[in-house]
Amino acid sequence: QQAAAAATTTTAAATTTTAPTTGGAAGATAAATTTTATTAAPNAHDADVAPSAKPPPSRCFRDVAPLPFGDAIAKLFAIGAVPDGRADIKLPHADDALLFVRRVERCWRSDVSQRPAVVALVARCGLTDDDCLALVAYTMEQPYPAYSLFNGWLMGDRRDDHVRAHVAPFFVLFYRALEKLPRQRV
């Protein structure tokens, strides 16, 4: 729904190999490899907005070991604060984590996981149960819209140990699941 995305354009590596065509011993080959990567600035579309100096979550959270889905949600829901300047985000209640996990699991196992297209996608992409639960959780509104708290912390500038300990476990699951999905051009 409200996922933050960075614009990245990458030209894949191209390799050319040429073998000699006239006489002589085999083995004289020439190879050239070129890789070009360009990353657009986060606010390239708006010159009046300065880019943030905070490290992106994919780097900031890279050394965090993944937790099981239920534990990752419990950590996120236990963060104890909303991001600065985000009065629109309400903290979940203490019992919401378990209720949320049960609702996500019930939704995944009773309806979504049985759809033929989903079964094929899970098999083709090698998605685990935790990957699928993280993807479903991101779309859930009830009993608590976890995506709003998650996105709020990702968009904020705070990356201290407290935020890392509470946001990173779900980020790792969610990002890993997204990385396994096929790329789509829109």
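Check the entry above for the structure.
Here is what the cut-offs are and how they apply
- Residues numbered from 1 in each chain as written.
- Predicted model: local features only at pLDDT ≥ 70, side-chain atom pairs only at ≥ 80, totals over all residues.
- Heavy atoms only, no water.
- Disulfide = S-S within 2.5 Å.
- Buried < 20%, exposed > 50% of the residue type's maximum accessible area, 1.4 Å probe, protein only.
- Helix = DSSP H or I, 4+ residues; strand = E, 2+ residues; numbered from the N terminus.
- Expected span 1.5 Å × (residues − 1).
- Bend = angle between axes of the 7 residues up to and from the residue.
- Phe/Tyr/Trp six-rings, centres within 6.5 Å; stacked < 30°, edge-to-face > 60°.
- Salt bridge = Lys/Arg side-chain N within 4 Å of Asp/Glu carboxyl O.
- Polar contact = N/O pair within 3.5 Å; in protein donor to acceptor, adjacent residues only side chain to side chain.
- Contact = heavy atoms within 4.5 Å.

Glancing now at the state of the cysteines. Counted by the stated rule, this structure contains zero disulfides. Not engaged in a disulfide, the cysteine Cys125 finds its nearest cysteine sulfur in Cys132; these two sulfurs lie 9.3 Å apart. Using a relative accessible area of 17% as the deciding quantity, one classes Cys125 as buried.

For helix α7 (residues 161–180), which comprises 20 residues, the first-to-last C-alpha distance of 27 Å matches the rise-based estimate of 28 Å (1.5 Å per residue) to within 8%. Taken as a whole, α7 carries its principal kink of about 45 degrees at Val167; the proline Pro169 stands between one and four residues after it.

Summed over the entire model, instances satisfying the criterion amount to 10 aromatic pairs. When the centroid spacing of 5.2 Å and the interplanar angle of 45 degrees are considered together, the rings of Phe77 and Phe100 count as tilted. In this pair, Phe77 is assigned in helix α2 (residues 69–77) and Phe100 in helix α3 (residues 96–110), connecting sequence segments 23 residues apart. Residue Phe100 is classed as buried on the basis of its relative accessible area of 0%.

This model, assessed by the stated rule, comprises six salt bridges. Of the charged contacts, one joins Asp131 and Arg176 as a salt bridge, the two residues approaching to 3.0 Å between their closest N and O atoms. Of this pair, Asp131 sits in helix α5 (residues 129–139) while Arg176 sits in helix α7, and the two are 45 residues apart along the sequence. If you follow the salt bridges from partner to partner, you end up with Asp131, Arg176 and Lys180 in one network.

What follows deals with the side chain of Ser113. With respect to the helices and strands, Ser113 occurs in the loop between α3 and α4 (116–125). Under the relative-accessibility criterion, Ser113 is labelled buried at 16%. Here Trp108 takes part through its backbone oxygen, which lies 2.8 Å from a polar atom of the side chain of Ser113. Polar contacts involving the side chain of Ser113 include one to the side chain of Gln114, which spans 3.0 Å. Apart from residues lying up to four places away in sequence, Ser113 is in contact with Trp108, Val118 and Val119.

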